[in-house]
Amino acid sequence: MTQEELDALMNGGVDLDSLDDEEVEEPKKDETENPQQDEGPLDIKNSDGVYPPPATEDHQVVSQLDEVTKESEEKATEILDIMDEISNSMMDNEEYLNKVLDFLNNHKELFEKLSSKFPHITTFSEEKEKIDEMIELINHSLENSQNASDNIMMAMDIMQFQDIHRQKIERVINIMRELLKYMNRIFEGKIDDSKRVSSARHIHGDSTENVVEEDDLEALIAQFAGKN
């Protein structure tokens with residue numbers, strides 16, 4: 001039976017009795033083609049000839065996006081907490097260095113007085129020079145510590161964009177969920193699937209051995225004729 005004859009039959013333009021003596025012509029298979037293995041209820045491949053991933057729990061798009069947003073938020077929170085601890089430690093170090101700096105400045109004043117009082121004693125002047133070097137090092141350390149604290153604050157501000165990205169992903173998830181609900185509504189039928197007429201997964205012409213049998217086709221025609 002050709003496709004034209006089947007269409008005519010469905011439209012009521014062919015006498016069912018006239019089909020008994022007709023031979024059903026089997027389509028010729030191209031021997032050069034490699035038969036495809038039946039890998040699912042639908043023989044669908046993408047442009048690269050690769051089957052799409054199965055609809056298992058590991059390939060649920062919305063579920064995976066939910067995991068991404070959840071893990072990203074958790075890791076971002078951990079990073080912010082660590083950076084906050086570093087910032088607090090830097091502030092404590094600056095406080096300690098300032099105390100040492102006050103101590104050195106007091107001793108510097110003492111040795112300046114001693115050096116001016118006893119200029120012939122070189123030890124006082126030498127100690128004063130050493131204190132000046134230590135004060136310079138501490139001031140340099142305080143400057144580096146303040147720069148590091150500023151960089152940490154900038155990094156924490158940048159990390160706030162992580163929350164914006166999470167909100168964007170959640171918006172995409174919500175759109176996908178609404179689209180799924182819409183598709184379910186638009187394809188919803190009034191007839192239960194168990195009461196529908198079963199259909200073949202493959203028909204003649206498909207490059208697979210799992211095709212509809214002639215008995216199944218005759219049963220389908222008889223069922224259709226019985227309804228009319």
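Position numbers for residues start from 1 in each chain and track the written sequence from start to end. Thresholds applied to this predicted model are a pLDDT of at least 70 for local features of residues and 80 or more for the giving and counting of side-chain atom pairs; totals over whole chains, interfaces and linings are not thresholded and use all residues. To obtain the side-chain values, all non-hydrogen atoms of the structure were included, while hydrogens and water were left out.

## Section: the overall build of the protein
Convention followed: Secondary structure elements follow DSSP: runs of H or I of four or more residues count as helices, runs of E of two or more count as strands, with numbering from the N terminus. The rule is simple: take the accessible area with a 1.4 Å probe, protein chains only, and divide by the maximum for that residue type; under 20% is buried, over 50% is exposed, in between is partly exposed. Any two residues whose heavy atoms approach within 4.5 Å at even a single point are treated as in contact. Accessible surface area values rest on a Shrake-Rupley calculation with a 1.4 Å probe, where residue burial reflects the displayed protein chains alone.
Secondary structure assignment for the protein yields 4 helices and 0 strands. Element order for the protein, N to C, with α for helix and β for strand: α-α-α-α. Buried residues in the protein amount to 14% of all 228 residues. Counting only contacts in the protein whose residues sit at least 6 apart along the sequence, the fraction spanning at least 24 positions is 65%. Of the roughly 18,500 Å² of accessible surface on the protein, 52% is carried by carbon and sulfur atoms.

## Points about the confidence of the model for the protein
Regions with low pLDDT should not have their predicted coordinates read in detail. Selection rule: The quantity known as pLDDT measures the predictor's confidence residue by residue, on a range of 0 to 100.
When the pLDDT values of the protein are averaged, the result is 76; 65% of them are 70 or greater. Counting interchain partners and residues more than four positions distant, the pLDDT-below-50 stretch residues 31-42 has 14 contacts.

## Observations regarding a negative patch on the surface
Applied cut-off: Nonpolar side chains (Val, Leu, Ile, Met, Phe, Trp, Tyr) are joined into patches within 5 Å and like charges within 9 Å, using only residues with over 30% relative accessible area and no salt bridge. When a carboxyl oxygen of Asp or Glu lies within 4 Å of a side-chain nitrogen of Lys or Arg, that pair is called a salt bridge. We count Lys and Arg on the positive side and Asp and Glu on the negative side, and we leave His and both chain ends out. Lysine's charge is taken at NZ, arginine's at CZ, aspartate's at CG and glutamate's at CD.
A grouping of E57, D58, D66, E67, E71, E73 and E74 is seen on the molecular surface, where their side chains present a negatively charged patch. Turning to its location among the elements, E57 is positioned in the loop between α1 (3-10) and α2 (61-117). Classification of E57 as exposed rests on a relative accessible area of 63%.

## Some words on α2
Let me state the cut-off plainly: Each helix should span, by expectation, one fewer than its residue count multiplied by 1.5 Å.
If you check α2, its first and last C-alpha atoms are 83 Å apart, about what 57 residues at 1.5 Å a residue would give, namely 84 Å. Considered for burial, the residues of α2 that qualify are T69, A76, M83, S87, M90, E94, L101, L104, F111 and S115. For α2, the elements touching its buried residues are α3 (122-186).

## Some thoughts on the side chain of S149
Inspection of the secondary structure assignment puts S149 in helix α3. We classify S149 as buried; its relative accessible area is 11%.

## Thoughts on the packing of aromatic side chains
Condition: Put simply, two rings from Phe, Tyr or Trp (the six-membered ring, in Trp's case) pair if the centres are within 6.5 Å, and we call them stacked under 30 degrees between planes, edge-to-face over 60, tilted for the rest.
Counted according to the given criterion, the structure contains 2 aromatic pairs. Look at F118 and F124: their rings are 6.2 Å apart centre to centre, the planes differ by 55°, and that puts the pair in the tilted class. Assessed through its relative accessible area of 31%, F118 is described here as partly exposed. Here the aromatic cluster, defined as three or more aromatic residues joined through ring pairs, consists of F111, F118 and F124.

## Here we look at the pattern of salt bridges
Evaluation of the coordinates by the stated rule reveals 6 salt bridges. Residue E127 pairs with K130 through a salt bridge whose shortest N-O separation is 3.9 Å. Placement of the pair is E127 and K130 together in helix α3, with a separation of 3 residues, close to one helical turn. Judged by its relative accessible area of 29%, E127 falls in the partly exposed class. We classify K130 as partly exposed; its relative accessible area is 47%. Across the salt bridge formed by R166 and D163, the nearest N and O atoms sit 2.3 Å from each other.

## Here we look at α3
With 65 residues, α3 extends 97 Å from end C-alpha to end C-alpha; this agrees with the ideal 96 Å at 1.5 Å per step. Taken together, the buried positions of α3 are occupied by F124, I131, I135, I138, L142, S145, S149, I152, M156, R166 and I173. Along its buried surface, α3 packs onto α2.

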